[in-house]
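Inside the fold
Each chain, written out:
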Amino acid sequence: MTCAYMYPTCEIAIGDMILYVDLLPLNLDHFDVILGMDCLTKYHATIDSNVDNIPIVRESPYVFLHDLLRDLIDREIEFTIEVILGTQSISKTPYLMSTTKLKELKIQLQELLDKKFIKPSTSLWGAPVLFVKKKAGSLRL
């Protein structure tokens, strides 16, 4: 889906709050407006995780056990991958990255760490990284 133009700095009222957002006209049947991560970040939006506010949960309490939902939302998950004893990581030369992209990667990873969107990893295995150039020329991870 592509968009040929944009309506900059449109005023949107949500409750008693006024937001100024750039709107992109899209041909969507089920949504009037979709607020992207850039808008949500700009206005420091939070998501209410109270499952009692979800209509389908209120209508079907026998399906969604309250204690089960609370455990799924409030619990910390520890993830590990079991490997066979003696298994070593694949020895493959990493893809060389330009110094500008490496610098940008470090900056963006540090921002994600600071916001607690990611945690440091102790894994010996790497992860692929893809940069996409934005219209303004900056790089998006």
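Refer to the preceding data block for the structure.
The structure reproduced in this document is the subject of the present report. In every chain, residue numbers begin from 1 and rise along the written sequence. Two thresholds apply to this predicted model, a pLDDT of at least 70 for residue-level local features and 80 or more for giving and counting side-chain atom pairs, whereas whole-chain, interface and lining totals are computed over all residues. Here the side-chain values reflect all heavy atoms present in the structure, with hydrogen atoms and water set aside.

**Observations concerning the overall build of the protein chain**
Strands here are runs of E lasting at least two residues and helices are runs of H or I lasting at least four, both read from the DSSP assignment and numbered beginning at the N terminus. Each helix and strand counted, the protein chain has four helices and four strands in total. Reading the protein chain from its N end, one meets helices and strands in the order β-β-α-α-α-α-β-β. Among the 141 residues that make up the protein chain, the fraction classed as buried is 9%. Within the protein chain, counting contacts between residues at least 6 apart in sequence, those at least 24 apart form 28% of the total. Carbon and sulfur atoms provide 59% of the accessible area of the protein chain, an area that totals close to 13,600 Å². Exposure categories follow from relative accessible area, calculated using a 1.4 Å probe and restricted to protein chains: below 20% of the type maximum is buried, above 50% is exposed, and the middle band is partly exposed. In what follows, a contact means two residues having at least one pair of non-hydrogen atoms within 4.5 Å. Surface exposure here means Shrake-Rupley accessible area, sampled with a 1.4 Å probe, where a residue is shielded only by the protein chains that are shown.

**A word on the pairing of strand S2 (residues 17-23)**
Note on pairing: DSSP must find at least two bridges between two strands before they are called paired. Looking at chain direction, strand S1 (residues 7-14) and S2 are connected through six bridges and run antiparallel. When the bridges of S2 are listed, Ile-14 appears paired with Met-17. The loop that links S1 with its antiparallel partner S2 comprises two residues; one of these, Gly-15, has a positive phi angle of about 65 degrees.

**Here we look at the side chain of Gln-108**
Note on placement: Gln-108 falls in helix H4 (residues 99-114). If we ignore the near neighbours within four places in the chain, the residues touching Gln-108 are Phe-131, Leu-139, Arg-140 and Leu-141.

**As for the environment of Thr-9**
Structurally, Thr-9 is set in strand S1. The exposed category is assigned to Thr-9, whose relative accessible area is 56%. Spatially, the C-alpha atom of Thr-9 lies 5.1 Å from that of Tyr-20, the residues being 11 residues apart in sequence. Here Thr-9 is in contact with Tyr-20, Val-21 and Asp-22, once residues within four sequence places are set aside.

**Concerning unusual backbone geometry**
Not every positive phi belongs to a glycine, and His-44 is a case in point at roughly 50 degrees. Here His-44 shows up in the loop between helix H1 (37-42) and helix H2 (55-59). The exposure class of His-44 is exposed, given its relative accessible area of 69%. Here the phi dihedral of Lys-116 falls at roughly 65 degrees; this positive angle occurs in a residue that is not glycine. With respect to the helices, strands and loops of the structure, Lys-116 is situated in the loop between H4 and strand S3 (132-133).

**Some words on a nonpolar patch on the surface**
Together, Met-6, Leu-24, Leu-26, Leu-28, Phe-31 and Ile-34 make up an exposed nonpolar region whose accessible area comes to about 580 Å². Note on placement: Leu-24 falls in the loop between S2 and H1. Patch construction takes residues with relative accessible area above 30% that form no salt bridge. Like charges are linked within 9 Å, and nonpolar side chains (Val, Leu, Ile, Met, Phe, Trp, Tyr) are linked within 5 Å. Any carboxyl oxygen of Asp or Glu that lies within 4 Å of a side-chain nitrogen of Lys or Arg is treated as forming a salt bridge with it.

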